[in-house]
Amino acid sequence: MTKVWLVTGASRGLGHEIARAALDAGETVVATARSADAVREAFGDHDRLHARALDITDAEAANAVAAEIAQRFGTIDVLVNNAGYAELGFFETFTDEAVRRQFEVNLFGTMNVARAVAPHMRARRAGLVVTISSVSGLVSNAGGAVYSASKFAVEGWMEGFAQELAPLGVRSLLVEPGMLRTDFMDGKSARFGSIDIPDYAEAIAQYRAFIEGANGNQPGDPKLLAARIVALAAQDDAPARFVFGDDARQWAGAKVDQLRHEIARSADHD
Ligand code: NJP
């Protein structure tokens with residue numbers, strides 16, 4: 001039977017590919033982004049595609065979209081909480097406003113949509129919440145402190161919330177991709193710290209050169225990840241986490257090794 005998907009951030013990048021892959025699998029998809037027209041333009045005409053405007057920082061809009069889907073289709077089977085962006089650069093180069101904006105979208109916006117959808121899933125004792133986190137939700141590096149802080153927060157929230165939902169029949173999948181070829185690192189999406197701090201100038205110049213070199217050349221294929229997510233969503237025994245890409249698995253593995261080492265060393269000081 002065809003399932004009903006709600007995908008955020010579906011105008012471009014990974015969200016667009018997930019919505020497309022779900023349509024190709026025969027599903028009904030409510031695809032959202034800040035502009036419904038941008039979503040319509042991205043997909044063209046499709047009878048199972050329903051474009052809606054949803055800025056995820058707007059909790060009322062999230063409630064309205066979820067209520068409309070539940071009323072119209074009787075169900076929301078899969079939520080893909082995908083919309084997000086990155087504030088890239090060294091922590092002290094960001095204003096407080098920029099840091100809060102990062103959390104407003106990546107954490108509180110993602111929570112808004114989950115809060116809007118979860119009651120409909122709980123009522124039916126069924127559903128799947130897919131959260132697009134990042135390997136940066138497991139590992140942080142110089143230049144990624146603010147973005148990682150928001151994704152670590154997403155991880156902590158969803159790890160607990162997933163356990164609250166599971167006994168009520170609602171499954172969860174946290175996705176931690178490595179670098180994907182989307183607009184993510186491009187000026188169309190990413191923002192950069194604006195405060196000039198000479199102590200960091202050289203390190204920041206190297207970091208910016210890395211970002212410029214990586215933009216458009218990321219190893220991860222968003223189409224492939226989208227296909228994997230749609231396949232995982234169809235499995236009853238899907239894993240709680242999906243770390244996508246060699247780069248992500250390498251970084252996450254190194255973090256686990258480092259944590260084990262530091263935990264063992266901590267025991268020496270008990
Ligand atoms: O980025 P991009 P991705 N409300 O820039 C939307 C994570 N990730 O596909 O409104 C609603 O091509 C925006 O829509 P628009 C990343 O953190 C990525 O790579 O038209 N929507 C667009 O559709 C994020 O969570 C990489 O501007 C909002 C989409 O989000 C997810 O993957 C690695 C919005 C962004 O498309 C998708 O990002 C990784 C708002 N307030 C995790 N703000 C990577 N690409 O390397 C933005 O580990 N959007």
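Right, let's walk through the structure included here.

### Some thoughts on the overall build of the chain
Stage number 1. Within the chain one finds eight helices and nine strands.
Stage number 2. Expected size for 270 residues packed as a compact globule is a radius of gyration near 18 Å; at 19 Å, the chain falls within 12% of this value.
Stage number 3. Once the C-alpha set of the chain is aligned to its principal axes, its extents read approximately 55 × 45 × 30 Å.
Stage number 4. Here the chain, with 270 residues, has 48% of them falling under the buried criterion.
Stage number 5. As presented, the chain carries roughly 13400 Å² of accessible surface, and 51% of it is formed by carbon and sulfur atoms.
Stage number 6. The centroid of the 27 positive side-chain charges in the chain is displaced by 6 Å from the centroid of its 36 negative side-chain charges.

### What to know about the sheet that holds strand S9 (residues 241-244)
Stage number 1. In space, the seven strands of this open sheet follow the order S3-S2-S1-S4-S6-S7-S9, with parallel pairing throughout. Every interior strand has two partners, whereas the edge strands, strand S3 (49-53) and S9, have only one. On average, each strand axis in the sheet is tilted by 15° relative to the strand beside it, whichever way the strands run.
Stage number 2. Direction of pairing for strand S1 (residues 4-7) relative to strand S2 (residues 28-33): parallel, over a ladder of four bridges.

### Quick word on the site of the ligand
Stage number 1. Within the structure, the ligand sits among 29 residues, and Ser 134, Tyr 147, Pro 177, Thr 182 and Ser 189 are positioned closest to it.
Stage number 2. Between an oxygen atom of the ligand and a side-chain N or O atom of Ser 134, the distance comes to 2.6 Å.
Stage number 3. Burial of the ligand by the protein amounts to 95% of the accessible area it has alone, namely 910 Å².
Stage number 4. Contributions of two or more residues to the shell around the ligand are made by helix H1 (13-24) and helix H5 (145-165).
Stage number 5. Grouping the amino acids of the shell around the ligand by side-chain chemistry returns 14 nonpolar, 10 polar and five charged.

### A closer look at the packing of aromatic side chains
Working definition: an aromatic ring pair is given by the centre-to-centre distance plus the angle between the planes.
Stage number 1. Counted according to the given criterion, the structure contains five aromatic pairs.
Stage number 2. An aromatic cluster of three or more residues is present, and its members are Phe 90, Tyr 200 and Tyr 207.

### Considering the pairing of strand S7 (residues 171-177)
Along a regular strand, successive side chains alternate from one face of the sheet to the other.
Stage number 1. Extensive coverage of S7 is indicated by the burial of six of its seven residues.
Stage number 2. A crossover links strand S6 (residues 128-132) with its parallel partner S7, the connecting element being H5, and its sense is right-handed.
Stage number 3. Sheet topology places S7 next to S9; four bridges connect them, and they run parallel. From the neighbouring strand, Pro 177 faces S9, where its bridge partner is Phe 244.

### Focus: the pattern of salt bridges
Stage number 1. Tallying each qualifying case throughout the model produces 12 salt bridges.
Stage number 2. As a salt-bridge pair, Arg 52 and Glu 68 come within 2.8 Å of each other at their nearest N and O atoms. With Arg 52 in strand S3 and Glu 68 in helix H3 (residues 59-73), this pair connects stretches of sequence that are 16 residues apart.
Stage number 3. A relative accessible area of 21% means that Arg 52 is categorised as partly exposed.
Stage number 4. Between Arg 241 and Glu 159 there is a salt bridge, with the nearest N and O atoms lying 2.9 Å from each other. Separated by 82 residues along the polypeptide, Arg 241 in strand S9 and Glu 159 in helix H5 bring together distant segments of the chain.
Stage number 5. Residue Arg 241 is classed as partly exposed on the basis of its relative accessible area of 31%.
Stage number 6. By relative accessible area, Glu 159 is classed as partly exposed at 42%.
Stage number 7. Overlapping salt bridges, with partners in common, bring together Glu 155, Glu 159, Glu 176 and Arg 241 in one network.

What counts and what doesn't
Starting from 1, residues in each chain are numbered consecutively following that chain's sequence as written. With pLDDT at 70 or above as the cut-off, local features in this predicted model cover only qualifying residues; side-chain atom pairs require 80 or more to be listed or tallied, and sums for whole chains, interfaces and linings still use all residues. Only hydrogens and water are removed before side-chain values are computed, so all heavy atoms of the structure are retained for them. Here a helix means four or more residues in a row that DSSP labels H or I, a strand means two or more in a row labelled E, and each is numbered from the N terminus. Two things to know: the radius of gyration comes from C-alpha atoms, and the globule rule equals 2.2 Å times the number of residues to the power 0.38. Residue burial is assigned from relative accessible area. The probe radius is 1.4 Å, only protein chains are included, and a residue is buried under 20% of its type maximum, exposed over 50%, and partly exposed in between. In these tables, accessible area is a Shrake-Rupley quantity obtained with a 1.4 Å probe, and a residue counts as shielded only by the protein chains included in the view. Counting rule applied: Lys, Arg positive; Asp, Glu negative; His and chain ends not counted. Charged groups are reduced to one reference atom each: NZ for lysine, CZ for arginine, CG for aspartic acid, CD for glutamic acid. The pairing criterion for strands is at least two bridges between them, as found by DSSP. To get an axis, fit a line to the C-alpha atoms, keeping to the stretch in contact for a helix; angles then go from 0 to 180 degrees between the N-to-C directions. The nearness test applies per residue and asks whether one of its heavy atoms lies within 4 Å of the molecule or strand. What qualifies as a polar contact is a pair of N or O atoms within 3.5 Å, subject to a donor-acceptor requirement within protein and to the restriction that residues adjacent in sequence count only when both atoms come from side chains. Only Asp, Glu, Lys and Arg are considered charged, only Ala, Val, Leu, Ile, Met, Phe, Trp, Tyr, Cys and Pro nonpolar, and every remaining residue, Gly among them, polar. Note on aromatic contacts: the rings of Phe and Tyr and the six-membered ring of Trp form a pair at centre separations within 6.5 Å, being stacked when their planes are under 30 degrees apart, edge-to-face when over 60 apart, and tilted otherwise. When the strands point away from the viewer and the path from the first strand over the helix to the second turns clockwise, the crossover is right-handed. One side-chain nitrogen of Lys or Arg within 4 Å of one carboxyl oxygen of Asp or Glu is enough to make a salt bridge.

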